Amino acid sequence: MHSTLVRIQNLFGFFTSVTFAVGLLVAASSMFLQKEMGDVKVNVRNVEVVKGYQNQYYTSRSTEQAFIRFDLEADLEPLFHWNTKQIFAYLTASYPGRKYEFNDAIIWDIIIPSKEKSKLKLRNRRAKYIINDVTNRFREQNATLTFGWNIQPHVGALTWNEKGAGSFSFPPLKTKNN
Amino acid sequence: MLPSLSSCNPHLLLAQSLNFGLILSTAFMLWKGLSLVSNSPSPIVVVLSGSMEPAFWRGDLLVLWNRDMGNWAGTGAVVVYNVVGKSIPIVHRIMRRHATGGAKPKISLLTKGDNNPADDVELYANGQFYLDREMEVIGSVIGYVPYVGYITILLSEYPMLKTAMLGLMGLVVVMQRE
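Chain B appears in an unreviewed UniProt entry as Signal peptidase complex catalytic subunit SEC11 from Terfezia boudieri ATCC MYA-4762. In its Function (unreviewed entry) section, the UniProt record describing chain B reads: "Catalytic component of the signal peptidase complex (SPC) which catalyzes the cleavage of N-terminal signal sequences from nascent proteins as they are translocated into the lumen of the endoplasmic reticulum. Specifically cleaves N-terminal signal peptides that contain a hydrophobic alpha-helix (h-region) shorter than 18-20 amino acids."

An unreviewed UniProt entry lists chain A under the name Signal peptidase subunit 3, with Terfezia boudieri ATCC MYA-4762 given as the organism. The record in UniProt for chain A states the following under Subcellular location (unreviewed entry): "Endoplasmic reticulum membrane". Looking at the Sequence similarities (unreviewed entry) heading of the UniProt record, one finds this comment for chain A: "Belongs to the SPCS3 family."

Before going further, it helps to spend a moment on the side chain of B:Arg97. Mapped onto the fold, B:Arg97 is located in strand 4 (residues 90–99). Despite its burial, B:Arg97 remains without a salt bridge, the nearest opposite charge being carried by A:Asp104 at 4.0 Å. Looking at B:Arg97, its side chain comes within polar contact range of the main-chain oxygen of B:Ala73, at 3.3 Å. Non-local contacts of B:Arg97, meaning those with residues more than four positions away in its chain, are made with A:Phe102, A:Asn103, A:Asp104, B:Ala73, B:Gly74, B:Thr75, B:Ile107, B:Ser108 and B:Leu109.

Next up on the list: the interface of chain A and chain B. On the chain B side, the residues contacting the 39 residues of chain A number 39 residues. Summing both sides of the interface, chain A and chain B together bury roughly 3100 Å²; the carbon and sulfur share of this comes to 56%. At the junction of chain A and chain B, the tally comes to zero salt bridges. On the surface where chain A and chain B come into contact, there are 16 residue pairs in polar contact (both at pLDDT 80 or more). Elements represented by at least two residues in the side of chain A that touches chain B include exactly helix 1 (2–33), strand 3 (84–95), strand 4 (102–112), strand 6 (142–153), strand 7 (156–157) and strand 8 (159–169) of chain A. Within the side of chain A that touches chain B, the residues separate by chemical class into 20 nonpolar, 12 polar and seven charged.

Moving on, we come to the packing of aromatic side chains. Enumeration over the complete set of coordinates arrives at nine aromatic pairs over all chains. With centroids separated by 5.8 Å and ring planes inclined at 35°, the aromatic side chains of A:Phe88 and A:Tyr90 adopt a geometry described as tilted. Like A:Phe88, the residue A:Tyr90 is buried in the burial classification. When the ring of A:Phe168 is compared with that of A:Phe170, the centres are 5.2 Å apart and the planes differ by 80°; the resulting orientation is edge-to-face. The buried category is assigned to A:Phe168, whose relative accessible area is 9%. A network of ring pairs unites the aromatic residues A:Tyr95, A:Phe138, A:Phe168 and A:Phe170 as a single cluster. Residue placement shows B:Arg93 over the ring face of A:Phe88; its charged tip is 3.5 Å from the ring centre.

Rules used throughout
- Residues numbered from 1 in each chain as written.
- Chains lettered and ligands numbered in written order.
- Predicted model: local features only at pLDDT ≥ 70, side-chain atom pairs only at ≥ 80, totals over all residues.
- Heavy atoms only, no water.
- UniProt positions renumbered as here; feature names shortened; annotations may be inferred.
- Helix = DSSP H or I, 4+ residues; strand = E, 2+ residues; numbered from the N terminus.
- Buried < 20%, exposed > 50% of the residue type's maximum accessible area, 1.4 Å probe, protein only.
- Lys, Arg positive; Asp, Glu negative; His and termini not counted.
- Salt bridge = Lys/Arg side-chain N within 4 Å of Asp/Glu carboxyl O.
- Polar contact = N/O pair within 3.5 Å; in protein donor to acceptor, adjacent residues only side chain to side chain.
- Contact = heavy atoms within 4.5 Å.
- Buried area = accessible area lost by both parts, 1.4 Å probe.
- Nonpolar A, V, L, I, M, F, W, Y, C, P; charged D, E, K, R; others polar.
- Phe/Tyr/Trp six-rings, centres within 6.5 Å; stacked < 30°, edge-to-face > 60°.
- Lys NZ or Arg CZ within 6 Å of the ring centre and 35° of its normal.

Below, the structure is given as structure tokens:
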């Protein structure tokens, strides 16, 4: 009985150490397999700022909301290697403001689960998320666009990176008359 | 390694309890040390919900970092937050970030789970639209280890398992004496 127990204990201990060591090696290998990504092309086609209610939040507040249409071209294939589980890619609009000086809002994102789906080519795509600001006023501000990505590994460190992707301006408020 | 307590040798008993105390305090010091380095009250967390699938699954282990460095603090970063007055930590991604200027900026965040259709406003307190970075976020996710935390979910969801495990341990102690 005693020896059987000791054997099971040893076996389990050996199993955990080997698993741990392999995991550590795989995690470390990510550092050497990382490749540079090519250019990202973003073209903003249309931006509109309107005032409206957000029925999603059950409030009666009327807020400024921005609707954006854009083209995007990016190839994330070089970022995939054996320890890449998925990539979360996103497009962020950054703009200044009076009370809050630094504002960043993700307007579109995508989960890329495999190499086969890593070539992005969007035409006249509507932004996934409507921008509505914490201060409710961001019309006529100049904004820059950034394409960011988060590489999520099977095991190990998560990494983030980004590339500039142009700029645009929020137009004046669009009213029902014009 | 576990001694039979019935041998009643006071020297042995004292040495053994000292050993046991040493193990406990070492673990505690490691945890608190990690807490200091990462500046997070809970530097390692287990994922409890599926709202970030397929990035994180229930039972995966996450390593947190709570100092504003690199890209772990902006939009696209994954944070763990605890809404004031609610006790369940949530792992979700930052969708919007509004920061004031100055040396001690006030940072408001809007988060969303990758696997959820809408943002987190409904998970926040009543009438709350943004998270307070300083008060409510306990860290950004920087490391990932799959499956390892699942045992804690099993133990808390099936109390019988805890009893069974304790019983098995006791049995082993009794058997080893012979």
